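Chain and residue survey
One-letter residues, chain by chain:
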Amino acid sequence: MNSKVKYDSWSITVDDLSYACDKWASALFFLGNGHAGIRNRLPLSSGLGLTERGIFIEGVFEYIRRGITDMVNLPDPFDLKLSAGGTILTSCSQLSLCSRSLDLRKGILTTVLAFGGREFRIEQFASHHDRNIAGIRVSTAAYPDVSIEDSFCADVANIPVSDDQKTSNEEVITLIKDAAVSCKGNGIMSLSFSTVCGTHSLTFTKKNRDYICDGTLIHESLVSFCGGDLSCADYEEERDKSAEALSSLWQRRDILLEGASISLQCALRFNIFQLIQNAPSCDISIGARGLTHGRYKGCYFWDTDVFLLPYYLLADRSVAEHLARYRIRNLDAARRVSASLNTRGARYPWMASLDGSEQCESWDTGKCEMHISADVAWALSRYDAAFDLAEDERMAIAEVYAETARFWLSRFTYSSERDCYDLIFVKGPDEYCGVTSNNAYTNHMAILNVCLALRACDEGLIRLEDGEREKFSDFIMKVKRPYSGRLGTILEDDNYLNLEDVDLSVLKESDKPLYWTYDYDTLQRLRVLKQPDVLLLYLMQPSLFTVQEAERAWDEYEARCAHDSTLSWPLHALIAYKLGKEEEAWKYLRKSLFLDLENLMQNTHSEGLHIGAMGASLEAVLYGMLGHAFSSDEKTDSSPQLPDDVSHVSYCFLEKGEFRHRRV
């Protein structure tokens, strides 16, 4: 592998000067604990833009205009100013050495810089013991011509990115006001500030300590993101507590691939580590980029429900509860979204903010990519099946089923002439298909959604309105189910076979997405997929397919997929595993595990880490390679065959209060 990264079993290192200074490395060496996230930038005193520092706290959103919010880029508590030989470090061009190394086992990032003839070693962590604490230590030889200064920087701003991935936005918006620093003495200071609309008032407390030990000048700094008392806090003690807490998590999360290359084992652990770093500590969700970047305004998508929740169902019940309860508590917001669309019941937003409101400003996506409501219902059904939930929580989930089912009945169009329910002006997961009719994925997921509501009624968890049971049953029987006798499998939508048949290998010669070369108007007229659609339906509801139909679906749709979404590679890996195509599965899985580590789609530097894709990669391992049942109607008798270079897999997850060991 011609890699920018040097891999060890438990660490990644970038020591090439140009790569280590790249914005890609700032994303790669992100530190977080689910509550706070720190995008790792170099300590350039005046060489950073307003938007480049990247400090985020879960749930801190503010309005950028009426009804639209953004995840706030917060003040930087570690504004270092390093000087050597009378020169302050302001630019990467001054560096003769830059090396970054992340210890995945301990959650400690070490950066080594050299400029002005002097070398500085910087150690950082975000605590997994106390999620409000983060720390940094800088050390250098105690020469008279070196100095280390550390303060707060509230000169930060957001750069809200357009929903259109091709639109480059350079407009910055300041979301912080009334920032004031106060000194408490003994190296302790605080920064108090508010967000511009007064939604949040926050205080960061900071403790600095400088000393010389054996000829080494050492600066230590701890910050509390909740304004906590740090007077008795010690840097090494907090760092070690964090490492111990993370070690405890690793005992339940690690997956060991015996016989695999060091780089592959490390890549798998890197993906697991990021799902630890971005796991929320309260009943909120995980944005498409987690806390690593403000892309998509920090919003929550279907990625979380379908590609993250199933991982946490096995790995960490508490996180699964947070994700599920976020959707449950925002049912009223989904009702408001549905009412705004002149439909009944509840329609979950495509891009959801903290309060569950719709943040997508693109009509064809925000209004037409509606499968999210059925995805939420599917995810909650998996959550309900995984744990012994209290009756009141099961009743709350049943209410989600009923309200989303009511949305579907009001959103489909009934044709009395054909005695059939059609879904028109819909966009499926493929997204290159354009706005079409009867997207098979959406139609079948809507049917499942309504079935869940009927089952909940049968179990006494909800009461339906008068005549509603009959309407639901009629809907289930009469929804159009696109199918092609010519293809011998489920058809993506009514328009699929009308699209221009093209040779994908001619259109696409690299991993760069097609939408950078071809306009969406062109793409929606070509028989090319952005990511799996019918194949994803097979993953979600395998009983809809015979073995032959599933094979034909793979033959038709996999060959036409451009993999222009970061979700596509890991999903194809999982689907291939389910179809017994281990060679293809392993090819896709390898690629997905290195997606951000090697910046394969050339957008990690500008968008942060792809947390949804990491969840899908781990699903491919757990539900594919290790053979867990992904959906409720799936039966598994044995695990798939392991790749030739993996002789043994072992892991240990905490399930329902007891340790479960799995060895293959």
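Thresholds applied
Residues numbered from 1 in each chain as written. Predicted model: local features only at pLDDT ≥ 70, side-chain atom pairs only at ≥ 80, totals over all residues. Heavy atoms only, no water. Axes fitted to C-alpha atoms, helices over the stretch in contact; angles between N-to-C directions. Helix = DSSP H or I, 4+ residues; strand = E, 2+ residues; numbered from the N terminus. Parallel < 35°, antiparallel > 145°, perpendicular 65-115°, else oblique. Contact = heavy atoms within 4.5 Å. Nonpolar A, V, L, I, M, F, W, Y, C, P; charged D, E, K, R; others polar. Core = buried A, V, L, I, M, F, W, Y, C linked by side-chain atoms within 4.5 Å. Buried < 20%, exposed > 50% of the residue type's maximum accessible area, 1.4 Å probe, protein only. Expected span 1.5 Å × (residues − 1). Pairing = 2+ DSSP bridges.

1. Considerations on the packing of helix α17 (residues 568-578) against helix α20 (residues 611-625)
The contact between α17 and α20 brings their axes to 8 Å, and the two run at 10°. Compared by their axis directions, α17 and α20 come out roughly parallel. Note on element contacts: α20 touches α17 through Ala613, Ala616, Ser617, Glu619, Ala620, Tyr623, Gly624 and Met625, opposite Pro570, Leu571, Ala573, Leu574, Tyr577 and Lys578. Grouping the amino acids of the contact of α17 with α20 by side-chain chemistry returns 10 nonpolar, 2 polar and 2 charged.

2. Focus: the nonpolar core
Generally speaking, a soluble globular protein has its nonpolar side chains buried in company with each other. Grouped together as the largest cluster of nonpolar side chains are 205 residues, with contacts concentrated most on Ile12, Leu74, Ile255 and Tyr312. Of all the elements, helix α11 (residues 440-458) adds the most residues to this core, at 11 residues. Apart from residues lying up to four places away in sequence, Ile12 is in contact with Val5, Lys6, Tyr7, Leu28, Phe29, Arg100, Ser101, Leu102, Cys266, Phe270 and Leu597. Counting 10 residues, the second largest nonpolar core, distinct from the first, contains Val502, Tyr515, Val528 and Ala562.

3. Some words on α20
Over its 15 residues, α20 runs 20 Å from end to end, which matches the ideal 21 Å to within 8%, given 1.5 Å per residue. With 15 of 15 residues buried, α20 is to be regarded as a mostly interior element. Looking at the residues trailing α20, positive phi occurs at Gly627, about 80°.

4. Digging into the side chain of Gln274
Looking at the secondary structure, you find Gln274 in helix α4 (residues 262-277). Apart from the residues within four sequence positions on either side, Gln274 is in contact with Leu28, Phe30, Leu609, Ile611 and Met614.

5. A short note on the environment of Asp155
Along the chain, Asp155 falls in the loop between β14 (146-153) and β15 (176-185). Here the alpha-carbon distance between Asp155 and Thr174, two residues 19 residues apart in the chain, equals 8.7 Å.

6. Notes on the sheet that holds strand β4 (residues 36-38)
Reading across from one edge, β3-β4-β5 is the order of the 3 strands in this open sheet, with antiparallel pairing throughout. Only two strands of the sheet have a single neighbouring strand rather than two, namely β3 (31-32) and β5 (55-57). Of the pairings in the sheet, the one linking β4 to β5 comprises 3 bridges and is antiparallel in character. Directly across from Ala36, in β5, lies its bridge partner Ile57.

7. With respect to the pairing of strand β13 (residues 133-141)
Taken across its 9 residues, β13 has 8 buried, putting it largely inside the fold. Where strand β12 (residues 118-126) and β13 come together, 7 bridges link them in antiparallel fashion. In the strand pairing of β13, Ile122 is matched with Val138. Taken together, β12 and the strand that follows it, β13, pair antiparallel across an intervening segment of 6 residues. Relative to strand β18 (residues 216-224), β13 runs antiparallel, the two sharing 9 bridges. Within β18, the residue paired with Gly135 across the bridge is Leu222.

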